[in-house]
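Notes for the structure review
Below, each chain spelled out in residue letters.
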Amino acid sequence: MKLTTLAVAAVMAASPVMADLVFPSLSYRTGPYAANGIPFADGYEDYFTLLNERDGGIGGVPAKVIECETGYNTEKGVECYEATKGEGALIYQPLSTGITYQLIPKVTADGIPLHTMGYGRTSAKNGEIFSNVFNYPANYWDGASHAINHIMSGGDIAGKKIALVFHNSAYGKEPIRTLEELSKKHGFELMLVPVDHPGQEQKSQWLQIRQQKPDNVIMYGWGVMNQVAIQEAANIRFPMENFIGIWWSGSENDVLPAGDRANGYKALTFHNLGDDYPLYADLRKYVVDAGKAAGAGDQLGTALYNRGMYAAMLAAEAAKTAQELSGEKNLTPAMMRDGMEALEMTEAKMAEIGLPGFGPEFKVSCQNHGGNGLGAVAQWDAAAKKWSLITGYEGSDQDVIQPLIDEDSAAFAAEAGIEAGCK
């Protein structure tokens, strides 16, 4: 949907309640990360289209998706926010840690909620300080702990060497502090291997890995970096079962280029995979087959389409919660924020939606904007060309993570002059 003029947006901003429930999509269908941005954006928009076509919207109010192209560029992401916030925007999901960091003070000042699902600033889990930012159901530090826990499931890791291959950006650097603390706790050696954007050249990094022989590799990558890393790992015959990526390093795009050599590669996830859910029959009937899909309709069930759909589903459930709390069908951003803070996802609710077993159960509160931090491990079957969960949703080491969240959020509060507390 094309953006309206800034003049019209300014007029619309004067009205506190809009005729539609507006969900901006800060997408990137162009640029070096387009292959990953496209299926997420398609899943996000298709879910709202489904609600409109099948249910008449959310609580009888149509959902309106306003898409703005960022190209995964932080400056463009901020421009998209400024251009769309006056159109009744209820929530932003920028799918970029760089954009997230720039938007945190803006959404706080403007009173609009920001949902950074599995990315962004991890310490935003502390809702007493980050009142308008949410990162449920899990964050980057949870992911680092999940990876270590999975490695430890194979035995004691004291004295072992674990390498972190990471996108050399705010995103990729997020787990370093947590892994450093976990290395102290469990006695493993942490090896840091940065990869510069966009990550097409990694010969020197994998030569280093071949020479230093880490027992395991954890990857925080995105876009072409992931597929290059998996191909380079295969080239040096690094065992794929000892290679595990964060959830942003676990899409079909990442493993298919390596063919059979990617078999056994693992990735973390905070939602299930594939399309064997009742909801997907409705998506095909009301959206894809009706010619209303945001894309070609060929991405349903892929990891990143599912993630975009899941992000939209959580936003829609928060909107329903906001409607129940406020007694209003049309919502303001403030009402939406309250709905997000009161959101509870149960297995019964997910089954009713048509997604039984799709995601972990969690409950949000003022003190906890990040959920329960549960995550699972998926493994790639190259012959079947599919991901499958090989664990259930398991917890992270909060004894390590929570003190880091407390420390980082307190530092932010001191710098920003924020007094912690609940409304």
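Just so we're clear, the structure is a prediction, and the values are computed from it rather than from any experiment. (Residues numbered from 1 in each chain as written. Predicted model: local features only at pLDDT ≥ 70, side-chain atom pairs only at ≥ 80, totals over all residues. Heavy atoms only, no water.)

Further remarks concern the pattern of salt bridges. Overall, the coordinates contain 17 salt bridges when judged by the stated rule. For D42, the salt bridge is made with R29, and the minimal N-O distance between the two is 2.8 Å. A residue pair is termed long-range when its members are at least 10 positions apart, and D42 in helix α2 (residues 34-55) and R29 in the loop between β1 (21-27) and α2 qualify at 13 residues. The exposure class of D42 is buried, given its relative accessible area of 5%. (Salt bridge = Lys/Arg side-chain N within 4 Å of Asp/Glu carboxyl O. Helix = DSSP H or I, 4+ residues; strand = E, 2+ residues; numbered from the N terminus. Buried < 20%, exposed > 50% of the residue type's maximum accessible area, 1.4 Å probe, protein only.)

The next subject is the state of the cysteines. Within the structure shown, the criterion is met by two disulfides. Each sulfur in the disulfide pair C366 and C422 lies 2.0 Å from the other. Residues C366 and C422 are joined through a disulfide that is left-handed, its torsion about the S-S bond being -100°. Linking C366 in the loop between β11 (362-363) and β12 (376-381) with C422 in the segment after α15 (398-416), this pair joins segments that are 56 residues apart in sequence. For C422, a relative accessible area of 39% corresponds to the partly exposed category. (Disulfide = S-S within 2.5 Å.)

Looking now at the confidence of the model for the protein chain. For any part of a model where pLDDT is low, the fine detail of the predicted coordinates should not be relied upon. Here the protein chain shows a mean pLDDT of 95. Residues at 70 or above account for 96%. Here residues 1-18 is a poorly scored stretch, pLDDT under 50, and it has 28 contacts once near neighbours within four places are set aside; other chains count. (pLDDT = per-residue confidence, 0-100. Contact = heavy atoms within 4.5 Å.)

For any two helices packed against each other, the geometry is given by the interaxial angle and the distance between the axes. In the contact formed by helix α5 (residues 140-152) and helix α7 (residues 176-186), the axes pass within 9 Å of each other and the chain directions differ by 35°. For the crossing formed where α5 meets α7, the hand is right-handed. Facing α5, whose interface residues are W141, A144, S145, I148 and M152, α7 presents T178, L179, L182 and H186. Residue composition of the contact of α5 with α7, grouped by class: six nonpolar, three polar and no charged. (Axes fitted to C-alpha atoms, helices over the stretch in contact; angles between N-to-C directions. Left-handed = near helix turned anticlockwise from the far one by under 90°. Nonpolar A, V, L, I, M, F, W, Y, C, P; charged D, E, K, R; others polar.)

Inspection of the entire model under this criterion finds 25 aromatic pairs. Plain terms: the ring middles of W222 and W248 are 5.3 Å apart, the flat faces sit at 85° to each other, and that makes the pair edge-to-face. Residue W222 is found in the loop between β7 (216-220) and α9 (224-235), and its partner W248 is found in the loop between β8 (243-245) and α10 (252-255); the two are separated by 26 residues along the sequence. Like W248, W222 is buried. Their ring planes at 85° and their centres at 5.0 Å tell us that F243 and Y265 sit as a pair that is edge-to-face. One end of the pair, F243, is in strand β8; the other, Y265, is in the loop between α10 and β9 (266-269), with 22 residues separating them in the sequence. Taking relative accessible area as the criterion, F243 reaches 0% and is therefore assigned buried. Three or more aromatic residues link up through ring pairs in this structure, and these residues are W206, F238, F243, Y265, W380 and W387. The ring of W248 carries the charged tip of R307 above its face, separated from the ring centre by 4.7 Å. Directly above the ring of F270 sits R307, whose terminal nitrogen or CZ lies 5.2 Å from the centroid. (Phe/Tyr/Trp six-rings, centres within 6.5 Å; stacked < 30°, edge-to-face > 60°. Lys NZ or Arg CZ within 6 Å of the ring centre and 35° of its normal.)

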